Each structure stands twice: as structure tokens, then as C-alpha cells.
Amino acid sequence: MATHPTRGHHTLTVLVENKAGVLARVAGLFSRRGYNIESLAVAPSDDERFSRITIVVDAESAPIEQITKQLFKLISVVKISELEPGNSVERELMLATIKANAETRGRVIELVGVFEGKIIDVGSDALTVMLAGQPTKLDDFEDLLRPYGIGDIQRTGRVALARLERNTPHLRAVKGKVG
Amino acid sequence: MKLTGAQALIKSLEMEGVDVMFGLPGGCILPAYDPLLESKIRHILVRHEQGAGHMAEGYAHVTGRPGVAMVTSGPAATNIVTPLCDAYMDSIPIVVITGQVSRPMIGTDGFQECDTVGITRPVTKHNELILDPDDIPRLVHEAFYIATTGRPGPVLLDLPKDVLQAEIDWYWPDSIDLPGYKPTVKGHPRMIKEAARLITESRRPVLYVGGGILKSHAAEALRALADLTGIPVVTTLMARGAFPDDHPLCLGMPGMHGNFTAVTSMQHADLLIALGARFDDRVTGRVGAFAPDAQIIHVDVDPAELGKIRRPDVPIVGDCKSVIEDLVAALVALGGAEVQADRSEWIAQLHRWQEEYPLVYGDVEEGGALKPQMVIETLRDACPDDTIVASGVGQHQMWASQYWKFNHPYTWVNSGGLGTMGFAVPASIGAKVGRPDKMVWAVDGDGCFQMTAQELVTASTEHIPVKIAILNNSYLGMVRQWQEMFYEERYSEVYLSPDLPDYVKWAEAMGCAGFRVDTPEDVAPTIEKANSINDRPVVIDFRTDSSEKVFPMVAAGASNDDVLTAPGVQPGLELRRSTKER
């Protein structure tokens, strides 16, 4: 099984022009400069001119500063933000087919319930389940399902956004009093 | 106005001020060659597409304007990959147009089809496959903008045949909209102030200047900075001519084959002011041992160069010219020349080194072959001060850089980063096309000459009177030198023969004047003869000593303190020891 990103990794969200060949430019740059990609996800952004690529990079392969600077040299790259783990929300999606005969089906369903996953397909002796969540949660889910027998499994790369800034009403009130 | 894609392409090139292009037609690019007949753009028909690319580079080197090459698809596109990579490594602005199979054929392995944008993606600053004919004017405009701004570089446009044949409504874009491309020009004022303070206080500073000075037209600004501060200057291989060799503060070329003083000045400096230079391995030697006592101010238009090899104490992103001018203003604000730290001991030290360790070579033995260094010195003294010199790659390149006196910017054309053998002949042709008013000599090796000599047919046909000095030592000389020094004189596949080909006959067959020089007495008279010929190219076959090696030398991976001024002679080591004891 693939090892999933935990420590020693950086998550970059890269806003790129929505044009043919842009993903190849980004991927080519990583291989050319010897940087390792741990995971990669691409999706259109709210502005149809741009797409967002979320890349998890191995921090050991090169300094993140050098990686972002080289990436930014690509004409099609518009904006790069590095998401710090404490300051971002990250999610990944997993689809997995689990062996589940009459005997084990109940326990698998229970596990899916505990993890707040979904059963999206049912066969005579297997279930296809879906789980979205933080990558570590998906790792745990995968570990617990393994004894039942995992058939096919697919995980997306992770997607991430920066945490929103918050001004709580309480803080505002304090400010108001002092000011 | 309705135009075909091909007409729009040529008109767009005209709009960009292109006066000359280098190329060779073929199937897919055929439509673009038709409107050329009505265009005022001069087209120079090369004999091999690699020649077109290097000519465009040579043109760009000496004019500062982007060089343009146009070739067909498939093998023509792959033939021009080397010049693209060369231009990418040395930040040379060129725009290359390639033909492509028609859109419905793309991906079907059609005749002369290749994935040109895929192949050239890692060796271009940017490239585009133009799928919509309406995009032609816009993408040509963007290509020139990208090639010439920020850190310059090669841009490729790939045009399918049916895109060239389609009809469009002509327009010319009045602006550039590239949301992902906004090069920084102005340096950060706080950083510039900090740099000015460091410079003012430093006692052993060196200006380490690279090709960026020439790209940003900063030679004058650099001169003002050096004159104001009295700081000595080393000019890297890519910056020869950016600061005059005749200037008392010029130390010449540093690096693997740099002179002792230039190399050692950096090793003993307390401050390096790197301007448009990229800490290339050929300059630094072993990075961990490079300029160990120096703080670094690093100015570059490409942010990715700052901290790539050596972490700067003061990083400044910006165009060299703009930053140097701001730096001079900041230095003046601090008090200018009057408040500079006392550097008299440093300058005196550098002068002592220059006297003690000049470039040297031996005399010709009775009846022996020519010394290549002597040929270059004689050539230099026989040519106007502003002669343009192009070179290939190898020993002859290093000797040309060491022994020529470069006193003007844009007079040295060579392949630094990629080290492309065969660069000299086509690059000199491109240079002569760009500056027909100047004398252009290529200093070439016999190995290099054989790689691209066919372009002299182009030069003869197009009346481009370049002059080629072949330093013929009948070897791949630099490889021979390494095999002698590092492989116990086990010479493997480096011998080329002095007489095969017969260079004089070959030159004459290509429409050039050809001479051969064997004796020292004939060197100057033959050069004089060559300099008087202006109606066709000239080739001189100088028979040089094959045992001659390039010194000084820092072996690959060694520290710059280990620089050999001659076999077994390493004066830098003793200096390092005495510094440690101090």
C-alpha cells in the first residue's frame, strides 16, 4: 500500500491557467528537477479561466522554497499558496470494495457507520464503500477494513484550502469595550 | 482584413520588428514560406536546422533583439532542440516557429509528426501549440514579450499546417494579458539599502558579474558602481565584455579555467556582490569550499536563482540595471566614495597576485607546432578593438576567453551553460547578420568545426563574410586534457587527424577562402590576409600543439583553493593555510 503523507510533506495549492498541457508542464518540472510528488489533484476553480492543482510534495527531495520558485516560473502558473497543516482543511476521498459475506457484512456496515462513510454499491458477497475525510482518518479506515479483505481500492489525491480567518463575536465585543 | 494563418504569422513577425529570420522550409511549414516572398523580412536559408537556431542565438547575443528561426515539423523540430536548450541555459531570447501536421492528423503518427511542444517543454521558457488560427497574432505577440522580458529565454510556437491555411480576421493585440507572468524589475528598497551598507563596510569585496549584466544592458551602470566604490570585478564566461578588460579594476574570468587572481579573489573575499550570475559549478568549484569567508549579496531577475546554490545574506530580485542604479544612489546617500572602508591592502594584494601569477604559456620549440595561445594573441592584436568573437566549446573556447581583451559589451558570443560543440560557425554567422558593420571572427576547434561547418555554405551564398580560425590540434582537446590528467594518459577515442578533412579544400568547396598556417612566422601575415577579404568567408587552419593544456585549472569537484596554475603548482593552498593561521 502507498504510504500516505504525514510529516515531512508540504501541501501546495497552485492556481493555473485552464489550458491544454498545463498539468504536463507542472509534472514535467517536478521530474526534471528531481522533486517527488506524493499526491496530486486537479479540478476546475470557480473562475473558468483557471484550474486548481493541489500537490503534496516530499519535503526531503528539495527545499520547498526552491520548488515554489521554480513552479512559479511556469508562465501558466498564476498563484501558489503553501498550506500549513495547522492552518488548512484537507480532505481526500476513498472508494473501496470490501469482501462481505453474510457473516461479516454486519461488522463492515458497522465500521462504515462509525467512520461516517457510505455504502454506495452492494453485491452478493461484497460492498463498495465511500469515505471522505482527512488522510489519516482514511488510513485508519483502510487498516480496519483490511482483515475483511479489500478488493479494489482507489484514493484521490488530497485537496486543501486555507482556513478562513475568524473574528468571533466574543472577541469583537472585547475590542468594542476597550475601544 | 482577411488573412490566412500564414499571412497573419508573417505579418505578426513584421509587427514585432523582425528584420531577419533563419530557417529551412519543409512540408508542414510550407504555407508560411509563401507570404515570405512578399515580406520585407530577410530569410536566410540554412543547411541544417541546428544552424538556424544557433544563428538566431548569435544574432540575439550581439543585438540584444530576439533571434527568430523557422523550420518545419518532425526532424526539423528535433534538430532545433539543441539550440533551444542552449538558449535556455544561457538566457538568450529567441523565438522559434515550427510547422506541425494538420490538426486532424495530430496524434496519429503522421508523416514528419512529433510531439514538438512535449519534447521542447523542458528546454524552453514557454511554448504553445496553436490550435486556433485566431490566436496567431496574440500568441506571437506574447512569445516575443516572454522571450525578451524578465529572464530572457527561448519561446517556441508550433503551428499545424491547416492552422496556417485557415482564414482569420486580422487584428493586432494592444496589450498583454498573462496573469501568471509578471517579472519583477525594481529591487526591494530595504534590501538595496542593506546591500549598500554591507558594501560600504566591506574590506575585501568582489563584484562577481554574470551574463545578466549584458541581458539587462547594465554595463554602464556596472561601470559606475565599480568606479564609485573601487571594487574589483570578475567577469564570468557569460559576462566577458560586460566590464572592460582594460579597466584597472577588472580581474578577468573566474572559475575552472579562470586566472589565478580572479579565482583566488573570491576565495579570500569578505563580500561577493553577485550581479546576474548564478553560482554555476564551473565558477564555484566545490560549493562547500567556495568563497568561505564571504557574505553574499545576490541580485537576479529570476527569484529561483536566489538561494538555489548558495544562500544569500542579501537577496535582491530585480533587473540588474535598475537594481545597480538604485544601489549606486543608495551608496551615494551613505556618503559615496568618501565613506568606503579602506581597501588599499586588498587592492595591493590583488595586484601582487596578478604580477606573481599571470597567464603563461611556453615558447614554440624549434620546428614545433604553433602555441594556440599565441595564435589568439596575434589575432587579437591584428583585429579592431570591437571585433566580435564567437567560439565553440573546449580548449579553444577557454583560450579565447582568457587571451582576448574584451573591452566592449556584446563582443563575445559563446555557449556557456550547455557547452554546445559546433556553436561557433552558425553563431558567428548570426552575429555578422546582426552586426554587419563589425568584424566577426569565430575561434573554433577542429572537433567543433566538423559538427556545423556546412553552414559556411549558407554564409557564402548569403554573402556573410565571417572569419573562422580553427585551432587544429587534431584532437578533441579538452577531453584529451582530462584523459591525460585524470585517466593516466589513457587516450580513448579522442584523436581526429590533422589532415582529414583537408580544411583548405573544404573551405574552398564551400565558397570560402582557405589558408593553412604551420609556422609562427606565417600567423600574422595570414591573419592580415584574412582581414582584408570581405567578399566571402575565410577559414584558417592553424596547426597547433596537441599537447598544450588549458591552465589555470580547478579539477572538477575540487575546491577553488586547489587551483593549478601549472601542472603540480597550487599557490592557493599555501595562501589558505596562512589565512587560517592568521
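Residues numbered from 1 in each chain as written. Chains lettered and ligands numbered in written order. Predicted model: local features only at pLDDT ≥ 70, side-chain atom pairs only at ≥ 80, totals over all residues.

Brief notes about the overall build of chain A
Piece 1. Counting secondary structure elements, chain A contains five helices and nine strands.
Piece 2. Starting at the N terminus and ending at the C terminus, chain A contains elements arranged as β-α-β-β-α-β-β-α-β-β-α-β-β-α.
Piece 3. Looking at chain A as a whole, 26% of its 179 residues qualify as buried.
Piece 4. Counting only contacts in chain A whose residues sit at least 6 apart along the sequence, the fraction spanning at least 24 positions is 75%. (Helix = DSSP H or I, 4+ residues; strand = E, 2+ residues; numbered from the N terminus. Buried ≥ 20, exposed ≤ 12 C-beta atoms within 10 Å, placed from the backbone. Contact = placed C-beta atoms within 7 Å.)

Some points on unusual backbone geometry
Residues and elements named next belong to chain B.
Piece 1. Cis geometry marks the peptide bond from Leu500 to Pro501, where omega comes out at 0°.
Piece 2. Tracing the backbone through its elements, the reader meets Pro501 in the loop between helix H21 (477–486) and helix H22 (503–509).
Piece 3. Of the consecutive residues Phe551 and Pro552, the connecting peptide bond is found in the cis state with omega at -5°.
Piece 4. We note that Glu488 has phi near 50°; this positive angle belongs to a residue other than glycine.
Piece 5. If you trace the backbone, Glu488 turns up in the loop between H21 and H22.
Piece 6. On the neighbour-count criterion, Glu488 (7 C-beta atoms within 10 Å) is exposed.
Piece 7. With phi around 55°, Glu493 is a residue other than glycine that occupies positive phi space.
Piece 8. Checked against the element boundaries, Glu493 lands in the loop between H21 and H22.

Considering the sheet that holds strand E3 (residues 50–58) of chain A
Residues and elements named next belong to chain A.
Piece 1. Strand order in the open sheet formed by four strands is E2-E3-E1-E4, with antiparallel pairing between adjacent strands. The outermost strands of the open sheet, each flanked by one partner alone, are strand E2 (37–44) and strand E4 (77–83). Here the average twist between neighbouring strands, direction ignored, is 20°.
Piece 2. Bridge count between strand E1 (residues 9–17) and E4: six bridges; the pairing is antiparallel. (Pairing = 2+ DSSP bridges. Axes fitted to C-alpha atoms, helices over the stretch in contact; angles between N-to-C directions.)

Digging into the nonpolar core
Piece 1. Residues Ala69, Val209, Leu222, Leu272 and Leu275 of chain B are the most contacted members of the largest nonpolar core, which totals 193 residues.
Piece 2. In terms of residues, this core owes the most to one element, helix H7 (residues 136–148) of chain B, which gives seven residues.
Piece 3. Filtering out sequence-adjacent residues up to four positions away, Leu222 of chain B remains in contact with Val209, Ile213, Ala242, Phe243, Leu275 and Ile324 of chain B.
Piece 4. In terms of nonpolar packing, the next biggest core, distinct from the first, is built from 13 residues, Ala100, Leu127, Leu131 and Leu145 of chain A among them. (Core = buried A, V, L, I, M, F, W, Y, C linked by C-beta atoms within 7 Å.)

Remarks on the confidence of the model for chain A
Residues and elements named next belong to chain A.
Piece 1. Confidence in the prediction for chain A averages 86 pLDDT; 89% of positions are at 70 or higher.
Piece 2. When the criterion is pLDDT under 50, residues 1–6 qualifies, and its contacts beyond four places in sequence or with other chains add up to six contacts.
Piece 3. Low confidence marks residues 171–179, where pLDDT is under 50. Its contacts with residues over four positions away, or in another chain, come to one contact. (pLDDT = per-residue confidence, 0-100.)

Remarks on the interface of chain A and chain B
Piece 1. Contacts between the two partners involve 15 residues from chain A, matched on the other side by 13 residues from chain B.
Piece 2. For the side of chain A that touches chain B, the secondary structure elements donating two or more residues are helix H1 (22–32), helix H2 (64–72) and E4 of chain A.
Piece 3. Tallied by class, residues from the side of chain A that touches chain B come to four nonpolar, five polar and six charged. (Nonpolar A, V, L, I, M, F, W, Y, C, P; charged D, E, K, R; others polar.)

A closer look at helix H11 (residues 219–229) of chain B
All names here are of chain B.
Piece 1. Here H11 has its buried residues at Ala219, Ala221, Leu222, Leu225, Ala226 and Thr229. End-on, the buried residues of H11 take up no more than an arc of 160°, which puts them together on one face.
Piece 2. Buried residues along H11 sit against helix H9 (189–201), strand E9 (205–209), helix H10 (212–215), strand E10 (233–235), strand E12 (271–275) and helix H14 (320–334).
Piece 3. Of the residues one or two after H11, Gly230 is the one with positive phi, at around 70°. (Arc of directions from axis to C-beta.)

As for the packing of helix H16 (residues 372–382) of chain B against helix H17 (residues 395–403) of chain B
Residue and element names in this part refer to chain B.
Piece 1. Orientation of H16 relative to H17, taken along the N-to-C sense of each, is 45°, at an axis distance of 9 Å. By the angle class used here, H16 and H17 are oblique. Crossing handedness for the pair H16 and H17: right-handed. On H17, the residues that touch Pro372, Gln373, Ile376, Glu377 and Arg380 of H16 are His396, Trp399, Ala400 and Tyr403. (Parallel < 35°, antiparallel > 145°, perpendicular 65-115°, else oblique. Left-handed = near helix turned anticlockwise from the far one by under 90°.)

What about the domain arrangement of chain A?
Residues and elements named next belong to chain A.
Piece 1. Partitioning chain A into structural domains gives domain 1 (9–83) and domain 2 (89–161).
Piece 2. Using only C-alpha atoms to locate each centre, domain 1 and domain 2 end up separated by 29 Å.
Piece 3. On the domain 2 side, the residues contacting the eight residues of domain 1 number six residues.
Piece 4. Where the side of domain 1 that touches domain 2 is concerned, the elements lending two or more residues are E1, E2 and E3.
Piece 5. Ranked by the residues each element gives to the side of domain 1 that touches domain 2, the list is headed by E2, at three residues. (Domains from an automatic or database assignment.)

Let's talk about the domain arrangement of chain B
Residue and element names in this part refer to chain B.
Piece 1. One can read the domain layout of chain B as domain 1 (2–169), domain 2 (189–356) and domain 3 (372–543).
Piece 2. The straight-line distance from the C-alpha centre of domain 1 to that of domain 3 is 29 Å.
Piece 3. Facing 25 residues of domain 1, the contacting portion of domain 3 comprises 25 residues.
Piece 4. Taken together, the elements giving at least two residues each to the side of domain 1 that touches domain 3 come down to strand E2 (20–24), strand E3 (42–45), helix H3 (49–63) and helix H5 (81–89).
Piece 5. It is H3 that provides the largest number of residues to the side of domain 1 that touches domain 3, a total of eleven residues.
Piece 6. Of the residues that constitute the side of domain 1 that touches domain 3, the class distribution is eleven nonpolar, ten polar and four charged.

So, the environment of Leu156 of chain B
Residue and element names in this part refer to chain B.
Piece 1. Considering the arrangement of structural elements, one finds Leu156 in strand E7 (residues 154–160).
Piece 2. For Leu156, a count of 28 C-beta atoms within 10 Å puts it in the buried group.
Piece 3. Counting along the chain gives 72 residues from Leu156 to Leu84, while the straight-line C-alpha distance between them is 8.5 Å.
Piece 4. Other than its neighbours up to four places away in sequence, Leu156 contacts Leu84, Val96, Thr98, Thr120, Thr124 and Asn127.

Here's the deal with the sheet that holds E3 of chain B
Residue and element names in this part refer to chain B.
Piece 1. If you trace the six strands from one edge of the open sheet to the other, you get E3-E2-E4-E5-E7-E6, paired in parallel fashion. Only two strands of the sheet have a single neighbouring strand rather than two, namely E3 and strand E6 (126–129). The mean angle between the axes of side-by-side strands here comes to 20°, regardless of whether they run parallel or antiparallel.
Piece 2. As paired elements, E2 and E3 share four bridges and run parallel to each other. Among the inter-strand pairings, Gly23 is bridged to a residue of E3, identified as Leu45.
Piece 3. Against the sheet, H3 touches E2, E3, strand E4 (67–71) and strand E5 (94–100), its axis set at about 165° to E4.
Piece 4. In the packing of H5 onto the sheet, the strands contacted are E5 and E7, and the crossing angle to E7 comes to about 150°.

Thoughts on helix H18 (residues 424–434) of chain B
Piece 1. Counting buried residues along H18 of chain B, eleven of its eleven residues qualify, which places the element largely inside the surrounding structure.
Piece 2. Every buried residue belonging to H18 of chain B is among Ala424, Val425, Pro426, Ala427, Ser428, Ile429, Gly430, Ala431, Lys432, Val433 and Gly434 of chain B, and all of these are buried.

Points about the environment of Met238 of chain B
Residues and elements named next belong to chain B.
Piece 1. Within the fold, Met238 resides in the loop between E10 and strand E11 (250–252).
Piece 2. Given 27 C-beta atoms within a 10 Å radius, Met238 is considered buried.
Piece 3. Distance in space between the C-alpha atoms of Met238 and Val96 is 22 Å, their sequence separation being 142 residues.
Piece 4. Filtering out sequence-adjacent residues up to four positions away, Met238 remains in contact with Asp90, Gly210, Gly211 and Gly416.

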